[in-house]
Amino acid sequence: MEKKKIRIALTKGRIENKAVDLLKKIGYDVTDLLEKGRRLILTIPNENIEVVLAKAADVITYVEHGVCDLGVVGKDTIMEHGGKFYEIADLGFGRCKFALAVKKGNDFYCGYGVKTVATKYPEVTRNFFENKGIDVDIVKIEGSVELAPLVGLSDGIVDIVETGTTLKENGLEVVEDVAPVSARLIANTVSIKLKQERILEIVNLIKENL
Ligand code: PRP
C-alpha cells in the first residue's frame, strides 16, 4: 500500500539548507531539493512527500490552513505570529536569540521617561515589556533594525542576535536576552490525527538524527 502523502512547508533560506541536510541524514532522497532552480514544489521520491518552499510567516499560514501537514519554521516567527498548530519538535538548528540592545554604554532602564524600542517583532517586544510591567513605545521596522538607535529613532532595539557581529560593528550591545530561538517542526492539528502514523514515523526519524 502506498504511504499517505505528506506535504511539508519549509522556510526558504538559512533554515531550508539545514532542513535539507537533516532530511538527507534521515535517509531521504533530496536530489530534487538540491536541484530546485526556481521551483517552489519539490518531491522526495519513494516517500510520497512533497516539500513546498515559503517565507517563514507563510509556512505557518499553510500549516494552519491544512494545505501542508508539517512545517519547518523559526521560533522567532512562531512567537511573533502565533496561530493554531502544534509545535512538535525543536530541530536544534537555526539557533540564535531575541535580545534587547542599545548603543554601547547607554543605560536603557535609567530615568522615568517612556523609552522607544524599534523592532521587526512588535508582538515579541510587547509581550517582553508587558511581562516586566514596563511601558514602552514600539516602532515597527522592516529590516536592519540596528540603524534605529544610531540615527536617534529609538532608545533600543529588540532583534535577532546570532553571532553578535551586526551589533558589534554598529556600536551596539546586548542589555538583556529576551528569548532563545531555533527552528521548530510544526504540524496541522487535523493532520496529526488523520496521518498520525506517518507523522510519527517522520518525527521519530528526525529525533533519532538530531
Ligand atoms: C538578522 C538580524 C540581525 C542579524 C544578526 O538580520 O535582524 O540584523 O541577522 O546576526 P548576527 O548577530 O550574526 O550579526 P537578517 O540577516 O535576517 O536581515 P534583516 O536585517 O533584514 O532583518
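This one's a predicted model, so the numbers in the text were calculated from it and none came from an experiment. (Residues numbered from 1 in each chain as written. Predicted model: local features only at pLDDT ≥ 70, side-chain atom pairs only at ≥ 80, totals over all residues. Heavy atoms only, no water.)

**A look at helix H1 (residues 14-25)**
An ideal rise of 1.5 Å per residue puts 16 Å on 12 residues; H1 measures up with 17 Å between its terminal C-alpha atoms. Residues of H1 that are buried include every one of Ile15, Glu16, Ala19, Val20, Leu22 and Leu23, and no others. Mapping the buried residues of H1 onto a view down its axis gives an arc of 160°, with all of them on the same face. Counted as exposed and oriented over 90 degrees from the buried face of H1: Arg14, Asp21, Lys24 and Lys25. (Helix = DSSP H or I, 4+ residues; strand = E, 2+ residues; numbered from the N terminus. Expected span 1.5 Å × (residues − 1). Buried < 20%, exposed > 50% of the residue type's maximum accessible area, 1.4 Å probe, protein only. Arc of directions from axis to C-beta.)

**Some points on the nonpolar core**
The biggest cluster of nonpolar side chains holds 29 residues, and the ones touching the most others in it are Leu33, Ile49, Leu70, Val72, Leu91, Phe93 and Leu185. For this core, the element with the highest residue contribution is H1, accounting for five residues. Sequence-distant contacts of valine 72, defined by excluding residues within four places in its chain, comprise Ile8, Ala9, Leu10, Thr11, Ile15, Ala19, Val59, Leu91, Phe93, Arg184 and Leu185. Counting 15 residues, the second largest nonpolar core, distinct from the first, contains Tyr121, Val124, Phe129 and Val136. (Core = buried A, V, L, I, M, F, W, Y, C linked by side-chain atoms within 4.5 Å. Contact = heavy atoms within 4.5 Å.)

**Some points on the pairing of strand E4 (residues 70-74)**
Summarising burial for E4: five of the five residues are buried, a large majority. Of the pairings in the sheet, the one linking strand E1 (residues 6-11) to E4 comprises three bridges and is parallel in character. Paired with alanine 9 across the two strands is glycine 71, which belongs to E4. Both E4 and strand E11 (residues 183-187) contribute to a ladder of five bridges, which runs antiparallel. Bridge pairing in E11 links glycine 71 to isoleucine 186. (Pairing = 2+ DSSP bridges.)

**Some details on helix H9 (residues 196-208)**
What sets the pattern is the α-helix's 3.6 residues per turn: residues three or four places apart point alike. Taking 1.5 Å per residue, 13 residues should reach 18 Å; H9 reaches 18 Å between its end C-alpha atoms and fits that length. Within the span of H9, buried status applies to Arg198, Ile199, Ile202, Val203 and Ile206. Looking down the long axis of H9, one finds its buried residues gathered within 130° of arc, a one-sided arrangement. Opposite the buried face of H9, by more than 90 degrees, sit the exposed residues Glu197 and Glu208.

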